[in-house]
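Take a look at the letters that make up each chain.
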Amino acid sequence: MDLTGLRTAAPAGLVDRILATTGPADDWVLVDGPAGELMVAFNEHGISYVLAGDDDDALARQVRIRLDRGVRRVQKPPAGLVPALRTGRTRGLRFDLRGRTPFEQAVLRAALRIPRGEVRSYAWVAAAIGKPGAVRAVGSALGRNPVPVVIPCHRVVRADGRIGDYVWGGAVKRTILRGEGLDIDEVERLGSAGVVFTGSDTTRIFCVPTCKDARRTTAAHTVSFRNAAAAAAAGYRPCLHCDPVPTAA
Amino acid sequence: MDADLLFPRLVRAHTADVWTTALRLTGSHADAEDLVQEVFTSAWSSLQTWSPDRIDALRPRAWLVTITLNAWRNGLRSQSRRPQTGPLLDHDAAVHPVDGLDEDERLGELVARLPEAYRAPVVLRHVVGLSYAEIAAALDCPPGTVKAQVSRGLALLRKELSWT
């Protein structure tokens, strides 16, 4: 007797209804960010996803697509998130980057090293992870950053001084960077003039132009370099704070 | 594999089998949907406590169908302790006459009216397609018993079919 005709397709939407009520789910909170409200999802491994705005359904959809997890709203943010958003200091924050490739994780960890108010080039990130040829791949990896703002992929800009692309658009990137005290006009001016590093002729140290030490140097004592070789030839050593010519740890 | 990563994949891959099992055991869409939800909730609680090795060794289809069977049998047990107040059975012949349905619908009604002891083995073997060994493990009885129940169940079905 053939009963295989009794196999029936599950009703439409049943899989979604199951996944909405059971299975892995992250908590999420609504917090103030540098360019409007942020929805921040997190779990026991750390912060897992950040989306701009206040739209429960949009977040649920994105977290399902990107992480294949559910979400439930809570009131209490994860430890350290609110101070990190206020000060831009992310030390101590934990992230759930389990779904990211090792390359993407390395890129995101490198972006975490860039202090508030400063920027680095895509080439700097590529060098910092020991893949100096992977400048474009660095751009793609930053574009897939699941936790924008909190991992500051907005602090990575083009070497020619242009601010470049951003997951939420170039305009938002500029707003966030201005809010962090960055002089965008100066970054664009130096970049378009081919200035990659600036040094001080009193200390004989060279920096990325937005390094807080470089910004203290008066105009009269500032010298510009197009590349690290020129700085070295002039007898300058790299700054230990901004690490202008990073080598992979 | 991580339970977090595995679970949504299990749901997508096996909801159809769990649904078919639940529908053919209960004979009711509403009861089947409740049962399916219960099955995956219970599967998720188990997976969260399992070691990666145990998760890797899992045979998910047979496991989920077994959970469905046990949840259904537990439901029957608690129903029989609490007399029902509503209609006795929503697949009662008086409520849903078998005449006028298409062949599969009619067959489905007849399967849902099989005595419970035959219904589960028939559904697991001939609808879901589990092996006798898997069904014996699920029902916790010897494979020979399963074979006997399946053939008695099929014989009853044939008799019913010849009457309708």
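Look up a bit, the structure's there.
Residues numbered from 1 in each chain as written. Chains lettered and ligands numbered in written order. Predicted model: local features only at pLDDT ≥ 70, side-chain atom pairs only at ≥ 80, totals over all residues. Heavy atoms only, no water.

Participant: Which residues make up the interface of chain B and chain A, and what values go with them?
Facilitator: Counting from both sides, the interface comprises 31 residues of chain B and, opposite them, 24 residues of chain A. For the chain B and chain A pair, buried surface summed over both sides reaches about 2500 Å², with 60% attributable to carbon and sulfur atoms. For the interface between chain B and chain A, the tally reads six salt bridges. Between Arg98(A) and Asp4(B) there is a salt bridge, with its nearest N and O atoms 3.5 Å apart. Inspection of the region where chain B meets chain A yields twelve residue pairs in polar contact (both at pLDDT 80 or more). Residue assignment for the side of chain B that touches chain A shows that the elements contributing at least two residues are helix H1 (3-26), helix H2 (29-49), helix H5 (103-112), helix H6 (116-128) and helix H8 (143-163) of chain B. A total of twelve residues in the side of chain B that touches chain A trace back to one element, the largest contributor, which is H1(B). (Contact = heavy atoms within 4.5 Å. Buried area = accessible area lost by both parts, 1.4 Å probe. Salt bridge = Lys/Arg side-chain N within 4 Å of Asp/Glu carboxyl O. Polar contact = N/O pair within 3.5 Å; in protein donor to acceptor, adjacent residues only side chain to side chain. Helix = DSSP H or I, 4+ residues; strand = E, 2+ residues; numbered from the N terminus.)

Participant: Would you mind going over the sheet that holds strand S9 (residues 222-225) of chain A in detail, with residue names and values included?
Facilitator: Residue and element names in this part refer to chain A. With respect to topology, four strands assemble into an open sheet ordered S9-S7-S8-S10, the strand pairing being mixed. Of all strands in the sheet, those bounded by a partner on one side alone are S9 and strand S10 (237-238). One ladder, built from four bridges, connects strand S7 (residues 197-200) with S9; its direction is antiparallel. Counterpart to Thr198 in the pairing with S9 is Ser224. (Pairing = 2+ DSSP bridges.)

Participant: Can you explain unusual backbone geometry? Please cite residues and give values.
Facilitator: Despite not being glycine, Val149(A) shows a phi value in the positive range, around 70°. Locating Val149(A) in the fold gives a position in the loop between helix H6 (135-143) and strand S6 (156-157). The backbone of Asp140(B) shows a phi angle near 55°, a positive value even though the residue is not glycine.

Participant: A description of H8(B) should follow, citing residues and the corresponding values.
Facilitator: All names here are of chain B. Look at H8: 31 Å from first C-alpha to last across 21 residues, which is about the 30 Å you get at 1.5 Å a residue. Among the residues of H8, those classed as buried are Val146, Gln149, Val150, Gly153, Leu154 and Leu157. One side of H8 carries all its buried residues, which in axial view fall inside an arc of 135°. In H8, those exposed residues whose orientation departs by more than 90 degrees from the buried face are Gly144, Ser162 and Trp163. (Expected span 1.5 Å × (residues − 1). Buried < 20%, exposed > 50% of the residue type's maximum accessible area, 1.4 Å probe, protein only. Arc of directions from axis to C-beta.)

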